[in-house]
Amino acid sequence: MNLFDFNKRFPDEEACVKYLKEKREEEGIVCLKCGGIKHYWIDTMKLWKCANCSTRMNVRAGTMMEKTKIPLKIWFEIIHLMTTTKKAFSALEMHRQVQTKFYEPVWFIMQKVRITMGKRDARYRLQGDIEIDDAFFEVVDLQKKLDVELKRGRGSERQSKVLVMVESVPNPKQKNPHKKDRIMGFAKMIVMDDLSGVGIEYEVSKSISPESIIISDAYRGYSGLKELVEKHNAMVVPQKEAHIKLPWVHTVIANSKRNLLGVHHSIGKQFLQNYLNEFTYKLNRRTFDSDLFDRMIVAGVQDTWN
């Protein structure tokens, strides 16, 4: 859906309310007070009324759009631009595009959308052959005083640790020596407090199917993964051969870093996961034929804002 089709589909606030109402009714309305599932729509007030306890609920209640006064059309415009573009928008550029009075509400909406993207991807587990590696992303720790001297290297406060997992299956038909001999599937990127074995094993157990095969380097933090999956291939990977032995996980890391640096320039440490959510959400749906806008609205209805 291009911008022309979007404006034709949602010309005003009423069209947005009607669309959200229809999507919510397709997913099923549940009373936030008693859990009842039978409701009546009061058209004059644009509210549902619970048949059990008479609690009234508007179209935003229980979704990522609840408790905001920003028009739904602005919400829809931001979601459309975030889901239909291959790259990303900075909040400042999005503020210019939707022409709101203040910058902060736009930034807040974009963070809520990114969190919802992360919730949606967290529902699924990776399967098959999985490449795993860790990466360090440069961030800004907003809670640190500017006059405090920061560490350098691996333990620096400027670096945030990220565990990266990518589905990667062999491609025997690939005969071109200049192209990867594996096919990439879905990916997950998780910000970690540390890269200890306990933390890695916990995230892997949530993110990867037990029938999978893990391919990684020989980092000692991965030593316990063989207990969680069918097989673990741990290799000694020289730095110059990393892009050959673990091709797709390093491609994902490199592309995500370029994307964040090129668009956002610097990211607060506590918000890095949100930006990685957006990157992997789009990456995992790069071949989808269906409109990602509709998928994002459904996700925003099902995965409520906490």
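These figures come from a predicted structure and were not determined experimentally.

Counting its regular elements, the chain contains 10 helices and 8 strands. If you line up the chain on its principal axes, its C-alpha atoms span 70 × 50 × 40 Å. When the accessible surface of the chain is summed, it comes to about 17200 Å², and 52% of that surface belongs to carbon and sulfur atoms. Side-chain charges of the chain comprise 51 positive and 39 negative groups, with the mean position of each set lying 2 Å from the other.

Here the focus is the pattern of salt bridges. Where charged atoms of side chains with opposite charge meet at close range, the side chains can pair. Taken as a whole and assessed by the stated rule, the structure comprises 14 salt bridges. As a salt-bridge pair, R60 and E13 come within 4.0 Å of each other at their nearest N and O atoms. Highlighted residues: R60 in the loop between strand 3 (56–58) and helix 3 (72–84) and E13 in helix 2 (residues 13–27), separated in sequence by 47 residues. As a salt-bridge pair, E278 and R114 come within 2.8 Å of each other at their nearest N and O atoms.

As a further point, take the layout of surface pockets. If you add up the space inside the largest pocket, you get close to 590 Å³. For the largest pocket, the lining is made up of 25 residues, of which T85, K86, K282, L283 and R286 are closest to its centre. The set of elements that each furnish at least two residues to the lining of the largest pocket consists of helix 3, helix 8 (247–263) and helix 9 (272–284). If you tally residues by element for the lining of the largest pocket, the top one is helix 8, at 6 residues. A breakdown of the residues in the lining of the largest pocket according to their chemical character gives 9 nonpolar, 7 polar and 9 charged.

In the structure shown here, the tally under the stated rule is 11 aromatic pairs. A centroid spacing of 5.5 Å and a plane angle of 75 degrees characterise the contact between F76 and F293, whose relative ring orientation is edge-to-face. A residue pair is termed long-range when its members are at least 10 positions apart, and F76 in helix 3 and F293 in helix 10 (residues 292–302) qualify at 217 residues. Taken as a pair, F76 and F293 share a single burial class, namely buried.

The end-to-end C-alpha distance of helix 9 is 18 Å, a good match for the 18 Å that 13 residues give at a rise of 1.5 Å each. With 12 of 13 residues buried, helix 9 lies mostly within the body of the structure. Of the residues making up helix 9, those classed as buried are L272, N274, Y275, L276, N277, E278, F279, T280, Y281, K282, L283 and N284.

Time to look at the nonpolar core. Grouped together as the largest cluster of nonpolar side chains are 37 residues, with contacts concentrated most on W75, F76, I78, M94 and V113. Elements represented by at least two residues in this core include exactly helix 2, helix 3, helix 4 (91–98), helix 5 (104–121) and helix 10. Per-element tally for this core: the top contributor is helix 3, with 8 residues. With residues up to four places along the chain from it excluded, the contact list for F76 reads F6, F10, C16, Y19, L20, M65, F293 and I297. One finds A135, V162, M184 and L260 within the second-largest nonpolar core, a separate group that totals 22 residues.

Let us look at the environment of S90. Residue placement: S90 occurs in the loop between helix 3 and helix 4. With 170 residues separating them in the primary sequence, S90 and L260 have C-alpha atoms 9.5 Å apart. Excluding anything up to four places from it in sequence, S90 contacts M110, V263 and H264.

This brings us to the sheet that holds strand 7 (residues 213–217). Across the sheet, 5 strands lie side by side as 6-5-4-7-8; this open sheet has mixed pairing. Two strands lie at the open edges of the sheet, namely strand 6 (182–192) and strand 8 (231–235), each paired on one side alone. Between one strand and the next, the sheet's axes are offset by a mean angle of 25 degrees, whatever the strand orientation. Bridge count between strand 4 (residues 129–138) and strand 7: 3 bridges; the pairing is parallel. Of the residues in strand 7, the one forming a bridge with I130 is I214. Each of strand 4, strand 5 (159–170), strand 6 and strand 7 is contacted by helix 6 (residues 197–207), which is oriented at about 130 degrees to strand 6, the strand it contacts most.

Reading the values: rules and limits
- What you see as residue numbers is a count from 1 along each chain, following the sequence as written.
- In view of the model being predicted, local features appear only for residues whose pLDDT reaches at least 70, and side-chain atom pairs are presented and counted only at 80 or more, with totals across whole chains, interfaces and linings using the full set of residues.
- Values reported for side chains reflect all heavy atoms of the structure, with hydrogen atoms and water molecules removed beforehand.
- Helix and strand definitions here come from DSSP, where helices need a minimum of 4 consecutive H or I residues and strands a minimum of 2 consecutive E residues; each element is numbered from the N-terminal end.
- Here the accessible surface of atoms and residues is derived via Shrake-Rupley with a 1.4 Å probe, and residues count as covered only by protein chains that are part of the display.
- Only four residue types enter the charge count, namely Lys and Arg as positive and Asp and Glu as negative; His and the chain termini do not.
- Note on charges: their place is set at NZ of Lys, CZ of Arg, CG of Asp or CD of Glu.
- A side-chain nitrogen of Lys or Arg and a carboxyl oxygen of Asp or Glu constitute a salt bridge if their distance falls within 4 Å.
- Detection works on a 1 Å grid of protein atoms alone, calling trapped sets that fit a 1.4 Å probe cavities and calling open sets with protein on both sides within 12 Å along at least five of seven lines pockets, with lining residues defined by an atom within 4 Å of a point.
- Grid points are joined across faces, edges and corners, and a volume is the space filled by probe spheres set on the points.
- Put simply, Ala, Val, Leu, Ile, Met, Phe, Trp, Tyr, Cys and Pro go in the nonpolar bin, Asp, Glu, Lys and Arg in the charged bin, and everything else, Gly too, in the polar bin.
- Centres within 6.5 Å make a pair out of two Phe, Tyr or Trp rings, where for Trp the six-membered ring is used; the pair is then stacked when the planes are under 30 degrees apart, edge-to-face when over 60, and tilted otherwise.
- Only protein chains enter the accessibility calculation, which uses a 1.4 Å probe. A residue is then buried if its area is under 20% of the maximum for its type, exposed if over 50%, and partly exposed in between.
- Expected helix span is computed as 1.5 Å times (number of residues minus one).
- Throughout, nonpolar core names a set of buried Ala, Val, Leu, Ile, Met, Phe, Trp, Tyr and Cys residues whose side chains join them through atoms within 4.5 Å.
- Contacts are assigned to residue pairs with any non-hydrogen atoms lying within 4.5 Å of each other.
- The rule for pairing is simple: two strands pair if DSSP sees at least two bridges between them.
- To obtain an axis, a line is fitted to C-alpha atoms, over the contacting stretch when the element is a helix, and the angle between two such axes runs from 0 to 180 degrees between their N-to-C directions.

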